[in-house]
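Commentary on secondary and tertiary structure
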There are 2 protein chains.
Amino acid sequence: MRSHFHAEASIEVYFKLAEMGGDMESKVYLYDTTLRDGTQGEGISLSVEDKIKIALRLDQFGIDFIEGGWPGSNPKDMAFFERVREIPLKHAKVTAFGSTCRPNVAASEDDNLQALIASGVSAAAIFGKSWDLHVTDALKTTLEENIRMVADSVAFLKEKGLTTLFLAEHFFDGYKANPRYALRVLEAAEEAGADWIVLCDTNGGSLPHEVYDIVKSAVSQLRVPIGIHPHNDSGVAVANALAAVQAGATQVQGTINGIGERCGNVNLISVVPNLQLKLGFTCISNEQLQDLTQLSRYVAEIANMTLPNNQPFVGHSAFAHKGGIHVSAVLRDPKTYEHIEPENIGNKRRVLVSELAGQSNLLAKMEELEIDLSLDREKAREVITRIKEREFQGYQYEGAEASLTLMLLEAAGKLKNLFTLDSFKILMEKAAVQSITSEATVKLSVNGETVHTAADGNGPVNALDNAMRKALESYYPCIANMHLADYKVRVLDENGATAAKVRVLIESASNGEKWSTVGVSTNVIEASWEALADSIRYMLWKEGCVEADNHAAAGARVGIVNH
Amino acid sequence: MRSHFHAEASIEVYFKLAEMGGDMESKVYLYDTTLRDGTQGEGISLSVEDKIKIALRLDQFGIDFIEGGWPGSNPKDMAFFERVREIPLKHAKVTAFGSTCRPNVAASEDDNLQALIASGVSAAAIFGKSWDLHVTDALKTTLEENIRMVADSVAFLKEKGLTTLFLAEHFFDGYKANPRYALRVLEAAEEAGADWIVLCDTNGGSLPHEVYDIVKSAVSQLRVPIGIHPHNDSGVAVANALAAVQAGATQVQGTINGIGERCGNVNLISVVPNLQLKLGFTCISNEQLQDLTQLSRYVAEIANMTLPNNQPFVGHSAFAHKGGIHVSAVLRDPKTYEHIEPENIGNKRRVLVSELAGQSNLLAKMEELEIDLSLDREKAREVITRIKEREFQGYQYEGAEASLTLMLLEAAGKLKNLFTLDSFKILMEKAAVQSITSEATVKLSVNGETVHTAADGNGPVNALDNAMRKALESYYPCIANMHLADYKVRVLDENGATAAKVRVLIESASNGEKWSTVGVSTNVIEASWEALADSIRYMLWKEGCVEADNHAAAGARVGIVNH
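In this text, all values refer to a predicted model and were calculated from it rather than measured experimentally. (Residues numbered from 1 in each chain as written. Chains lettered and ligands numbered in written order. Predicted model: local features only at pLDDT ≥ 70, side-chain atom pairs only at ≥ 80, totals over all residues.)

Bringing the nonpolar core into the picture now. For soluble globular proteins, nonpolar side chains are generally found buried alongside one another. Among the nonpolar cores identified, the biggest contains 207 residues, and F166(A), V215(A), F166(B) and V215(B) are the most heavily contacted of them. In contact with F166(B), not counting residues within four places along its chain, are I126(B), G128(B), V150(B), V154(B), A189(B), A194(B), I197(B) and V198(B). Residues L464(A), I479(A), L415(B) and M482(B) belong to the second largest nonpolar core, which totals 112 residues. (Core = buried A, V, L, I, M, F, W, Y, C linked by C-beta atoms within 7 Å. Buried ≥ 20, exposed ≤ 12 C-beta atoms within 10 Å, placed from the backbone. Contact = placed C-beta atoms within 7 Å.)

What follows is the structure, encoded as structure tokens:
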């Protein structure tokens, strides 16, 4: 299948633009549609409260337009617009999404446009058709009537005093099929007074060279500023956004972390640093840019989604170095294996300890973890061997640096044994119509004393966690401050399923700080126990927690025998 | 930071190439480095057995070069080359990775090059420096000595009869800093007889317009065929690969699913369909291309990684439609919201049932699930309400279509009640030095009879699963064929941690078919029970399993009261 696109475009090369100077310093506006297009993504669902939280954060970050929803389509979106009016945003314009009026209906009579006005926003973005085939086959109206709908709808919103963005749906496919008609639709929106015209690659099928050229053509024929709205179905949405800006577009519409229908919208988290750090455009301040990583993680957390570790720029692995050659070089000069400085976007460099690691990795890691163990070569070799053994068993320290720290401290003989497990039991019962009950009993040795206690919980791990805290809190009161922030179970050998080995990762938090621990077993409860115990031990070490007065330490042994 | 890159390139536009015809039909070679560069990715670890499995699959898919590892660097890689020699590959050339010889060492004396020969491969890829700064600062040698190292190493491998690829590390950064020197390095490799020269964007910082132009320049000055090796640190690796091919490169080096150090290598899974379906190049046969989705999922499974649902082309959501407008349009004409036909790459269209859904989605879903319930409007509305309620509680049917099917069947009164839970108990015990034990007892009613039995397990869910099978197998012998393939736990409300609501997703398999079910509870065991029960109920319905002869059904009730 060959591209059947024959435009008469100017002959220019991308990179030439990089030399143009003046223009390149200019502002590119950011339009975020996480709250609307983003929620079309599979598995994404945001409450009104979630949306308010995200809107506040987007505003701080310097986003220019925050698309909050489609007021005509569902009550949740309308509730958002009501709530957001009470929130004082510093910079962003809250924008409502909708469509042009229907065929043969005056804009002023159209429910959907009325709902935009009723939402109380000062900016509205309406989409309309620019692909002739869609007009005749999907809308089932004439090409002329579609032009009327676009013009009438834009004029109506302008008359009501709204900043009006016209989104040309399927513009790139439409332009390839019938460039004259596609451009006529844009001209109609411009003449009706649109403040912005946004070119949408609705199906996400366009490639950068096409986007560059088609945007160039639109820019040359219109006076109104142009935006780009790319989707990632071809895996090139970020490149498409950059190509559009290089061709003269001055607004990018996308979402945080690229969430959205199918393969998602363009990821603003990747677009912004490319535009600002590499191409010299201005989107936000450099201080705001330093919040990029945190913003990405915050939205992921609210949306309850797991970010890929390898996400460009902000991923946990984006500046992580594993291969031996890379590690030693990057420690000498970060430029050798890093394309930008992670500090500029609030991310940080990491050195991975893994089966590929050598002593230089281990030393760099200890420095990063801020522990000075002064291990001799022999001891260091032992630790590396131990890590390799544990990794072979299924442990993964890359995501559980607190467990790694404990292992290093233990190897160096610098970890006091604060408690020892004697035994635990967990009993769960469920009768047909009743909820399940979970009870845990634990017997621990703390400073030579035996503590034997029991607690209920919402589940086996929660019951165990409660019983352990109950047993330890009177000895180590600082435990009261910590709580578990995340709990993940990963099956290591798919073929075994529920009989397979599982890895449990626990993230704990205390006073805003977070740490992660790991446990591995064929039994999910035993793996959870390991991770729970590590989590408490790490907290006790990190916070320098000591025993409460009535339980003064009496010659605590070095070494841990919990599991 | 402005790009400081000043090349004197030809003035051309990308898209012009799309019109060139002849050349565009030409072959682009695929070089896969999943087994080497891919394993540098955080959390990725492959056994020798895993590597062999993947190599076989890559060969079937039509990959031209399979890079198996770095024989000089670790014993596992050497073991792979030994094993792979016994495997009859149909098409692919197994390739070993290494570096040029060290400064002031003759190629014939270099251990690393010796190891390449010893690995017994017929093709070798060696990397060398092409950025002047790296030569003087990292290698700490002279620019002339580096040229000698490149030429000597290539000549040595050619003399030994190997197909030799020279990988110019940091070529794009090197070219920007000192184009004359960067090109001199390539010329040295060409003169020494290299079969391929591969330009590496090692730090992943280059953008498509730069890649296009720099590749163009290299292609125009060399006769040897050129490859591209992009990394995804800027989120534009796929676009960079396409730009390089459009500029004349005829080999792309990447990995399956884009795994690799930091943000990964370029994802061949996205590159291949773009090149072949959109730009008219040939990489593999159209039949092989239909294996794209399965290949992606197979490698993810072996590497034990979770694929993002929104992965371009092959993701579970890549052709999934959620928004009401999109759904009704795509059902009329797939072209309206799909950039390619999913069948061409072995993926399929899906319609999502969600809070955004209307009746048309529900009907389309039933068609997709191949169930005909002839629900009336009233009943359909009830089902949608029920789905919305359950989604509000935390259920998610997008990833658990078997549970959705059961709910639809139940609503239509078409599901027989094959068993009912009376009660279950689970007891786990752990003493300090012993492994944990798990025992489950279950009491079920099956056809008016009470079955009361018990089983051990490797963990609580496994014990419960074993006890249920034991109770049911004599009634429904087909249960013996099914097994659990995956088990996932997701915490729904991070703030509550172990006391929070969890969602359990279970994937079950029988005779190669897979299905997924869901359970939600604050108790992980109760949630697992729900998903387990659904999984068995679905199997019994799908397979049309009936009771064994000695337990003939006696007026089974409609409706399920398991949980």
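Having put the structure on the table, let's press on.
Before going further, it helps to examine the domain arrangement of chain A. When the domains of chain A are assigned, the result is domain 1 (14-284) and domain 2 (420-551). For domain 1 of chain A versus domain 2 of chain A, the separation of C-alpha centres amounts to 48 Å. (Domains from an automatic or database assignment.)

Turning to the pairing of strand β1 (residues 29-32) of chain B, a few remarks are in order. Residue and element names in this part refer to chain B. Bridge count for β1 against strand β8 (residues 251-254) is four bridges, and the pairing is parallel. Bridge pairing in β8 places Y31 opposite Q253. Of the pairings in the sheet, the one linking β1 to strand β2 (residues 65-69) comprises two bridges and is parallel in character. Residue pairing across strands places Y31 opposite F65, the latter belonging to β2. Considered for its hand, the β-α-β crossover made up of β1, helix α2 (residues 48-61) and β2 is right-handed. (Pairing = 2+ DSSP bridges. Helix = DSSP H or I, 4+ residues; strand = E, 2+ residues; numbered from the N terminus. Right-handed = clockwise from strand over helix to strand, strands pointing away.)

This part is about the sheet that holds strand β7 (residues 226-230) of chain B. All names here are of chain B. Here eight strands make up a closed barrel; going around it, the order is β1-β2-β3-β4-β5-β6-β7-β8 and the pairing parallel. Taking the axes of each pair of neighbouring strands and ignoring which way they run, one obtains an average angle of 25 degrees across the sheet. Pairing geometry for strand β6 (residues 196-201) and β7, over five bridges, is parallel. Bridge pairing links L199 to I228 in β7. Along the sheet, helix α3 (residues 75-84) makes contact with β2 and β3 (93-99), crossing β2 at roughly 135 degrees. (Axes fitted to C-alpha atoms, helices over the stretch in contact; angles between N-to-C directions.)

This next bit is on the sheet that holds strand β13 (residues 449-457) of chain B. Across the sheet, which stays open at both edges, the six strands sit in the order β13(A)-β12(A)-β11(A)-β11(B)-β12(B)-β13(B) with antiparallel pairing between neighbours. Of all strands in the sheet, those bounded by a partner on one side alone are β13 (449-457) of chain A together with β13 of chain B. The mean angle between the axes of side-by-side strands here comes to 10 degrees, regardless of whether they run parallel or antiparallel. Bridging between strand β12 (residues 437-446) of chain B and β13(B) involves nine bridges; their strand directions are antiparallel. Of the residues in β13(B), the one forming a bridge with V442(B) is T453(B). Strands β11 (420-431), β12 (437-446) and β13 of chain A of the sheet are contacted by helix α18 (residues 460-473) of chain A, whose axis makes an angle of about 145 degrees with β13(A).

All names here are of chain A. Taken N-terminus to C-terminus, the directions of helix α9 (residues 208-221) and helix α10 (residues 237-246) make an angle of 30 degrees; their axes are 8 Å apart at the nearest point. By the angle class used here, α9 and α10 are roughly parallel. For the pair α9 and α10, the crossing hand works out as right-handed. Taken together, the residues of α10 that come into contact with α9 (itself represented by P208, V211, Y212 and V215) are A239, N240, A243, A244 and Q246. For the contact of α9 with α10, the per-class residue count stands at seven nonpolar, two polar and no charged. (Parallel < 35°, antiparallel > 145°, perpendicular 65-115°, else oblique. Left-handed = near helix turned anticlockwise from the far one by under 90°. Nonpolar A, V, L, I, M, F, W, Y, C, P; charged D, E, K, R; others polar.)

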